[in-house]
Amino acid sequence: MKFISWNIDSLNAALTSDSNRALLTREVLKTIADKDADLIAIQETKLPATGMNTKQETALKAFFPDYNYEFVSSCPPARKGYAGTMVLYKKDMQVKASFPKIGAPDTMDDEGRMITLELEDYFFNLVYTPNAGDGLKRLALRQEWDKCYANYLAKLDQTKPVIACGDYNVAHTEIDLANPASNHMSAGFTDEEREGFTNLLAKGFTDSFRYTHPEEKGCYSWWSQRIKTSKINNSGWRIDYFLISDRLKDSLVSSEMVDSGERQDHAPIYLELK
């Protein structure tokens, strides 16, 4: 089984815009399509609650003709066109989709942040974790989200193994970002967020990339768009993950980043299980 996860930062723009960034994004979509994954998780779609229009859907099907999809978008009282997630799965797969609300604070449960697919042998969960925000203004809410999400995933794991993925918006350890010393008070590397991720793993989950690359440095999944040289200089963060139930570790074949070329922001990540 092969899986891909990617924070695309606007599916609408990727499919319909002619900007240079959109062209780079479509090159990454081609790369993803060539991987022929069984399941593809996409975060930050920024689609309206009604989903894609005809032009967007036609463009998506051109990349992924052999897939069905499920999506969830932000809806009131949350902000429109915010967050949003989508999962594509091969047409021959039997899945049962749900869009969990986990008792998260504020409008987080209404921001389209999560989809879970139940398959015969496992659950597949994709998540777009809320950012702590500029000035850490949403950090306290983020800590509550982390607790709710960890409990939700652990409950799934009691029924059958879990494969979870997405943009978790946290660099877990100091080797998961290029400049840890200067970022301890930055969103995504606070002690509170790192502790939340540690607590999640302690509930019976394994960071698949770090399990297969325990000491490897310089491997990142996100480079800031605000700093033009961030990718050239590899000043990145690893904030996108595939987590697997501990009992799936022996099935792990590969967990890697996918080359996204010149495009800054997130790179896709790849998981293969036997």
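Residues numbered from 1 in each chain as written. Predicted model: local features only at pLDDT ≥ 70, side-chain atom pairs only at ≥ 80, totals over all residues. Heavy atoms only, no water.

The next thing to look at is the overall build of the chain. When its secondary structure is counted, the chain shows 6 helices and 14 strands. Projecting the C-alpha coordinates of the chain onto the three principal axes gives extents of approximately 45 × 45 × 40 Å. Taking all 274 residues of the chain together, 57% fall into the buried category. Excluding contacts between residues fewer than 6 apart, the proportion of contacts in the chain whose partners are at least 24 apart in sequence is 72%. (Helix = DSSP H or I, 4+ residues; strand = E, 2+ residues; numbered from the N terminus. Buried < 20%, exposed > 50% of the residue type's maximum accessible area, 1.4 Å probe, protein only. Contact = heavy atoms within 4.5 Å.)

Once that is clear, we can look at the UniProt feature "site: Transition state stabilizer" (unreviewed entry) in the chain. Summarizing the sequence annotation, UniProt attributes the feature "site: Transition state stabilizer" (unreviewed entry) to Asn169 in the numbering used throughout. Positionally, asparagine 169 belongs in the loop between strand S8 (162-167) and helix H5 (191-202). Looking at asparagine 169, the relative accessible area reads 9%, which means it is buried. (UniProt positions renumbered as here; feature names shortened; annotations may be inferred.)

Turning to the sheet that holds strand S14 (residues 269-273), a few remarks are in order. With respect to topology, 6 strands assemble into an open sheet ordered S3-S4-S2-S1-S14-S12, the strand pairing being mixed. Strands with a single pairing partner mark the edges of an open sheet, and in this sheet they are strand S3 (67-72) and strand S12 (252-257). The sheet shows a mean angle of 15° between the axes of neighbouring strands, direction not considered. In the sheet, strand S2 (residues 39-43) pairs with strand S4 (residues 85-90) via 5 bridges, with the strands oriented antiparallel. Note that in S4 the partner of glutamine 43 across the bridge is threonine 85. Across the sheet, helix H2 (residues 20-35) lies against strand S1 (2-7) and S2, angled at about 165° from S1, the strand it touches most. (Pairing = 2+ DSSP bridges. Axes fitted to C-alpha atoms, helices over the stretch in contact; angles between N-to-C directions.)

Bringing the UniProt feature "site: Interaction with DNA substrate" (unreviewed entry) in the chain into the picture now. The UniProt entry lists His266 under the feature "site: Interaction with DNA substrate" (unreviewed entry), expressed in the numbering used here. Relative to the helices and strands, histidine 266 resides in strand S13 (residues 265-266). Each residue touching histidine 266, except ones within four places of it in the same chain, is listed here: Trp6, Asn7, Asp167, Ser221, Trp222, Ile239, Asp240 and Ser260.

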